[in-house]
Amino acid sequence: QQQQQDGCRGVPKTLWGCGELRPPPTGPGQPSPQQRTETLGFYESDRGRKKKRGLSDLSLLRFISAELTRGYFLEHNEAKYTERRERVYTCMRIPKELEKLMFFGIFLCLDAFLYIFTLLPLRVFLAMFRFITLPCYGLRDRRLLQPAQVCDILKGVILVICYFMMHYVDYSMMYHLIRGQSVIKLYIIYNMLEVADRLFSSFGQDILDALYWTATEPKERKRAHIGVIPHFFMAVLYVFLHAILIMVQATTLNVAFNSHNKSLLTIMMSNNFVEIKGSVFKKFEKNNLFQMSNSDIKERFTNYVLLLIVCLRNMEQFSWNPDHLWVLFPDVCMVVASEIAVDIVKHAFITKFNDITADVYSEYRASLAFDLVSSRQKNAYTDYSDSVSRRMGFIPLPLAVLLMRVVTSSIKVQGVLAYVCVVLFYCGLISLKVLNSIVLLGKSCQYVKEAKMEEKLFNPVPSASAGKPAGKPQSMFKSTHGFSTDGNGSTSVTNQPVHQKDSIPSLLVTSNSDQFLTTPDGEEKDINQDSSELKHRSSKKDLLEIDRFTICGNRID
């Protein structure tokens, strides 16, 4: 009976039930059929009156009133709106975090670039001095020179040969040849040069690495190469062709600066905004974004050097008149500002569309700092400049050859005072290089420590030391400056590398993706203790593994 009463709520109650049209009960004490018919007619007429009253209430005035007074509560979907707000905050943080990464990366490129002009000649001189004076001290080991010294001599010889070869390239003829072309041709040529520069950078470091390894490979191993001399000629040809390519780029930019209506310069800057269209609407992972960030760092530093070359050439044509520098200054600022704006917009929307936080740029900065710190250890397997080349695709040799060619042709050195100024300028470059290296090393140690990556510098390779317990990881941040110390108390950052035999491979520091993780994760277990999780993550790329420069910033698997 209670269920029947609950079911009758909101339903017109008739004499025989809750609005149900069922046969009326018969028997004594029940209403007659006439009474039932009158009651049913009463309720039907009442329903009709209510329906007419509801239709009369649906007026335009009531609709407008409802629209004006209608309310809603955003807290009913709190998670959605909180996520949208965080996206806005992420886009606001992107310029600051991106420029911090760019600032650090540009100084890394500057350090590798200054190394070619400052420390490399001194290292080549020391290596040649050792080779000449070797009979006086006797042959203590099998090697005439250390592998690093062999690589330094090869770099110096390639630099000198390509510098003299660049004297046969007429810059003035190239400038007038490019200036005679139409604007649309120059625009197409400039785009082709950018693509060619990326292709050259991608393949060039492989050529140089092949030369270095062929020249320093242990002789007792079976020969599996074509020889040092063919690799050397391939490297010389590559550096020479890449230097010519960069010279054509600088010449095209110089023509754009000197055009009367600045239309070519405007078109070339608008080409940067086309890059947004090709990058923003693609799916990016963290590793792909890291590659693109390295590419942007390399591109920005290369553009700064090209602008320097353009200013040197223009100042030479105007007899080094300082007033003409102020004429070039607005165009230089416009090119730099457009490059920065394009990078900010591109990275802001890529992180927005792919749900990547702004903290990822601090991880990228820690990875670059890890390369610098690991290259200063005793058992480093590569030079720092080569590490930057592999990571960012920035190869300083062709750019250094071109800058030497432009500076020597633009500035005439005559007289004793001029040579004294050259020596002082060289000493200033060495001081700048040393100061830059010290600051970068200190900041890199700080970034690595903040990312809690210092233990990875001493972790043995799992494949090389299988079955052996790993030793206690040594901390390289005992001192206030973040430098590690060995048993004798000397810093391992500045010690000379010690040649290790093949029987001790576990001491080598490698950047294996299965061993290193860029950021610490408290939810994951230790790598050496959880082999099943390691296999599960083997398909993912690690930031420290990315050492090749790709065209679009996307690795093709």
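In this report, we go over the structure that sits alongside the text.

Reading guide: rules and limits
Residues numbered from 1 in each chain as written. Predicted model: local features only at pLDDT ≥ 70, side-chain atom pairs only at ≥ 80, totals over all residues. Heavy atoms only, no water. Core = buried A, V, L, I, M, F, W, Y, C linked by side-chain atoms within 4.5 Å. Buried < 20%, exposed > 50% of the residue type's maximum accessible area, 1.4 Å probe, protein only. Contact = heavy atoms within 4.5 Å. Axes fitted to C-alpha atoms, helices over the stretch in contact; angles between N-to-C directions. Helix = DSSP H or I, 4+ residues; strand = E, 2+ residues; numbered from the N terminus. Parallel < 35°, antiparallel > 145°, perpendicular 65-115°, else oblique. Left-handed = near helix turned anticlockwise from the far one by under 90°. Nonpolar A, V, L, I, M, F, W, Y, C, P; charged D, E, K, R; others polar. 1 Å grid on protein atoms, 1.4 Å probe; cavity = no way out; pocket = protein on both sides within 12 Å on 5 of 7 lines; lining within 4 Å. Points joined across faces, edges and corners; volume = space filled by probe spheres on them. Salt bridge = Lys/Arg side-chain N within 4 Å of Asp/Glu carboxyl O.

A closer look at the nonpolar core
Nonpolar side chains tend to gather and get buried jointly when the protein is soluble and globular.
Part 1 of the reasoning: Ile158 and Phe257 are the most contacted members of the largest nonpolar core, which totals 105 residues.
Part 2 of the reasoning: Sequence-distant contacts of Phe257, defined by excluding residues within four places in its chain, comprise Lys262, Leu265, Leu307, Val310, Leu328, Asp331, Val332 and Val335.

What to know about the packing of helix H12 (residues 286-317) against helix H16 (residues 396-410)
Working note: a packed helix pair is described by the angle between its axes plus the distance between those axes.
Part 1 of the reasoning: It is at 10 Å that the axes of H12 and H16 come closest, and there the two elements cross at 15°. Relative to H16, the element H12 is oriented roughly parallel. The crossing of H12 and H16 is left-handed. Across the interface between the two elements, Phe301, Val305, Leu308, Ile309, Leu312, Arg313 and Glu316 of H12 pack against Leu399, Leu402, Leu403, Val406, Val407, Ser409 and Ser410 of H16.
Part 2 of the reasoning: Across the contact of H12 with H16, the residue classes tally to 10 nonpolar, 2 polar and 2 charged.

Side note on the environment of Lys452
Part 1 of the reasoning: Along the chain, the position of Lys452 falls in the loop between helix H17 (416-450) and helix H18 (531-536).
Part 2 of the reasoning: Each C-alpha atom of the pair Lys452 and Ala366 lies 9.5 Å from the other, and the pair is 86 residues apart in sequence.

Description of the layout of surface pockets
Part 1 of the reasoning: Space inside the second largest pocket adds up to approximately 1200 Å³.
Part 2 of the reasoning: The wall of the second largest pocket is formed by 31 residues, among which Phe117, Met404, Val407, Phe425 and Leu429 lie closest to the centre.
Part 3 of the reasoning: Elements supplying a minimum of two residues to the lining of the second largest pocket: helix H4 (78-117), helix H5 (119-132), helix H7 (147-165), H12, H16 and H17.
Part 4 of the reasoning: Counting residues per element, the lining of the second largest pocket draws most heavily on H17, which supplies 7 residues.
Part 5 of the reasoning: Taken together, the residues of the lining of the second largest pocket break down into 28 nonpolar, 2 polar and 1 charged.

Re unusual backbone geometry
Part 1 of the reasoning: Phi is positive for Ser319, which is not a glycine, with a value near 55°.
Part 2 of the reasoning: Relative to the assigned elements, Ser319 resides in the loop between H12 and helix H13 (322-353).
Part 3 of the reasoning: Classification of Ser319 by relative accessible area gives exposed; the value is 62%.
Part 4 of the reasoning: Residue Asp355 is not a glycine yet carries a positive backbone phi of 55°.
Part 5 of the reasoning: You can see Asp355 is positioned in the loop between H13 and helix H14 (360-374).
Part 6 of the reasoning: For Asp355, a relative accessible area of 54% corresponds to the exposed category.

Section: the pattern of salt bridges
Part 1 of the reasoning: Within this structure, the stated rule accounts for 17 salt bridges.
Part 2 of the reasoning: The salt bridge partner of Arg93 is Asp359, with a shortest N-O separation of 2.7 Å. With Arg93 in helix H4 and Asp359 in the loop between H13 and H14, the pair connects residues that are 266 residues apart, well separated along the chain.
Part 3 of the reasoning: On the basis of relative accessibility, which here comes to 37%, the residue Arg93 falls in the partly exposed class.
Part 4 of the reasoning: Judged by relative accessible area, Asp359 falls into the partly exposed class, the value being 39%.
Part 5 of the reasoning: A salt bridge links Arg300 to Asp343, with the nearest nitrogen and oxygen atoms 2.7 Å apart. Residue Arg300 is found in helix H12, and its partner Asp343 is found in helix H13; the two are separated by 43 residues along the sequence. For the pair Arg300 and Asp343, a shared accessibility class is recorded, and that class is buried.

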